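Structure at a glance
These are the residues of each chain, in order.
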Amino acid sequence: MATELKNRYDFMLVFDVKDGNPNGDPDAGNLPRVDSETGEGLVTDVCLKRKVRNYVQLVKGGEAGYDIFVKEKAILNKEIDKAYADLAIDLSKPPADVADGKKRNKEGQGQGGEVLQARDKMCATYFDIRTFGAVMSTGANAGQVRGPVQLTFARSVDPVVTLEHSITRMAVATEAEAEKQSGDNRTMGRKNTVPYGLYVSYGFVSPALAKQTGFSEEDLEMLWTALVNMFDQDHSAARGMMATQKLIIFKHDSALGNAPSHKLFDSVRIAKKTDIAVARRFADYEVALPNSGNVPEGVKLEVR
């Protein structure tokens, strides 16, 4: 049985990349994302959520309650239709609750609302909906869910350098391409990397929203596990070497929280060591955590 989440959490995900592209920008020829004013590297929240989804899908393998809604080649409206089918609701007939509207274009009132039933079914079935929320009004309306877990863009601690490398392809795809190369099948390509970057993303967990989606203590533990291990299951030639170096968690004793999140985050200092001119590994940085006397009352610090 799922254990209700009753505490607020704030957390910091500290990860790094070496000789890889952590998150290419399709608007810039897939170059690593960079803040053009500061030169600091960026990784979107969507990119990080994708890795969490992939990890849970791999580990749980479609286990009941841990399916993934937003996954490769998924047709989302079919998944919503399936929720209605599992509830034995015929979408071709008018709603049983007239408050749902003829096309179920708004949430039903009360517990009998068919849209609310479908929304609850989707939350119970899909881990990523319970966690991050979803818009499920694209077809047969299952409403919208605001997820209890929110992530910010990750930003590098220091400015990053983006490098462009020329690579050679020794083969061609078609005979026509081979003829165009006049017997020499070698063609040139490009590969973009960051030599090294240490990134930090901030996250928030709301027990009030968790109650609405059914996100539980067990789901939270799955999230922590995914954040720590997701890069180990996501290797590719393009991404180089990526790893979660630290997951810093602030657990509040209450649902509303016992301290502002920005003050908790500011209490963690991450900086390059004074004797390091150019950082190329995590050991080139110092991570200073607040001691027990500097953590606000009602907040517990955990590092994974």
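What counts and how
- Residues numbered from 1 in each chain as written.
- Predicted model: local features only at pLDDT ≥ 70, side-chain atom pairs only at ≥ 80, totals over all residues.
- Heavy atoms only, no water.
- Helix = DSSP H or I, 4+ residues; strand = E, 2+ residues; numbered from the N terminus.
- Buried < 20%, exposed > 50% of the residue type's maximum accessible area, 1.4 Å probe, protein only.
- Areas by Shrake-Rupley, 256 points an atom, 1.4 Å probe, with all protein chains shown as cover.
- Phe/Tyr/Trp six-rings, centres within 6.5 Å; stacked < 30°, edge-to-face > 60°.
- Lys NZ or Arg CZ within 6 Å of the ring centre and 35° of its normal.
- Polar contact = N/O pair within 3.5 Å; in protein donor to acceptor, adjacent residues only side chain to side chain.
- Contact = heavy atoms within 4.5 Å.
- Arc of directions from axis to C-beta.
- Core = buried A, V, L, I, M, F, W, Y, C linked by side-chain atoms within 4.5 Å.
- pLDDT = per-residue confidence, 0-100.
- Salt bridge = Lys/Arg side-chain N within 4 Å of Asp/Glu carboxyl O.
- Axes fitted to C-alpha atoms, helices over the stretch in contact; angles between N-to-C directions.
- Parallel < 35°, antiparallel > 145°, perpendicular 65-115°, else oblique.
- Nonpolar A, V, L, I, M, F, W, Y, C, P; charged D, E, K, R; others polar.

A word on the overall build of the protein
- Helix and strand content of the protein: eight helices and 14 strands.
- Along the three orthogonal principal directions, the C-alpha set of the protein runs to about 70 × 65 × 35 Å.
- The proportion of buried residues among the 304 residues of the protein is 43%.
- Just so you have it, the protein exposes about 16200 Å², and 49% of that area is on carbon and sulfur atoms.

Regarding the packing of aromatic side chains
- Per the counting criterion, the structure on display carries nine aromatic pairs.
- An angle of 25 degrees between the planes, with centres 5.8 Å apart, marks the rings of Tyr-66 and Phe-127 as stacked. Placement of the pair is Tyr-66 in the loop between helix H1 (45–60) and helix H2 (76–86) and Phe-127 in helix H4 (residues 127–132), with a sequence separation of 61 residues. With respect to burial, Tyr-66 and Phe-127 carry one shared label: buried.
- Through pairs of rings, three or more aromatic residues link up here, namely Tyr-9, Phe-11 and Trp-224.
- Between Lys-60 and the ring centre of Tyr-66, over which it is positioned, the NZ or CZ distance is 4.6 Å.

Describing the side chain of Thr-193
- Among the structural elements, Thr-193 can be located in strand S10 (residues 187–205).
- A distance of 2.8 Å separates polar atoms of two side chains, one belonging to Thr-193 and the other to His-165.
- In this structure Thr-193 touches Asp-19, Gly-20, Asn-21, Pro-32, Val-161, Thr-162, Leu-163 and His-165, once residues within four positions along its chain are discounted.

Points about H2
- Within the span of H2, buried status applies to Glu-79, Ile-80, Ala-83 and Tyr-84. Down the axis, H2 shows its buried residues gathered within 145 degrees of arc, on one side only. Projecting away from the buried face of H2 at angles above 90 degrees are the exposed residues Lys-78 and Ala-85.
- Residues of H2 that are buried in the fold lie against helix H3 (114–125).

Topic: the nonpolar core
- Counting residues in each nonpolar core, the largest one holds 36 residues, and the members touching the most others are Phe-11, Phe-15, Leu-48, Val-52, Val-205, Trp-224 and Leu-227.
- Elements with a minimum of two residues in this core: strand S1 (9–20), H1, H4, strand S7 (149–151), S10, helix H7 (217–229) and strand S11 (241–252).
- Residue contributions to this core peak at six residues, all from H7.
- Val-14, Leu-264, Phe-265 and Phe-282 belong to the second largest nonpolar core, which has 17 residues in total.

Quick word on the confidence of the model for the protein
- The pLDDT averaged across the protein works out to 90; a share of 92% of its residues lies at or above 70.
- Here residues 106–111 is a poorly scored stretch, pLDDT under 50, and it has 19 contacts once near neighbours within four places are set aside; other chains count.

What to know about the environment of Glu-177
- Turning to its location among the elements, Glu-177 is positioned in helix H5 (residues 175–180).
- The class for Glu-177 is partly exposed, based on a relative accessible area of 22%.

Side note on the environment of Tyr-196
- Within the secondary structure, Tyr-196 sits in strand S10.
- With a relative accessible area of 6%, Tyr-196 lands in the buried category.
- Excluding residues within four positions of it along the chain, Tyr-196 makes contact with Asp-16, Val-17, Lys-18, Val-160, Ala-279, Arg-280, Arg-281, Phe-282 and Tyr-285.
- A distance of 2.8 Å separates the side chain of Tyr-196 from the side chain of Asp-16, its partner in a polar contact.
- Among the polar contacts listed, one links the side chain of Tyr-196 to the backbone nitrogen of Phe-282, at a separation of 3.0 Å.

Observations concerning the pattern of salt bridges
- In total, this model carries 15 salt bridges according to the counting rule given.
- Across the salt bridge formed by Asp-234 and Lys-51, the nearest N and O atoms sit 2.6 Å from each other. Of this pair, Asp-234 sits in the loop between H7 and S11 while Lys-51 sits in helix H1; the two residues are 183 residues apart in sequence, bridging distant segments of the chain.
- Given the relative accessible area of 15%, Asp-234 is considered buried.
- Linked by salt bridges that have partners in common, Asp-35, Glu-40 and Arg-155 make up one network.

Comments concerning the packing of H2 against H3
- As a packed pair, H2 and H3 sit with axes 9 Å apart at the nearest point and diverge in direction by 110 degrees. Classified by the angle their axes make, H2 and H3 are roughly perpendicular. Facing Glu-79, Ile-80, Ala-83, Tyr-84 and Asp-86 of H2, the residues of H3 in contact are Glu-114, Val-115, Ala-118, Lys-121 and Met-122.
- Across the contact of H2 with H3, the residue classes tally to six nonpolar, no polar and four charged.

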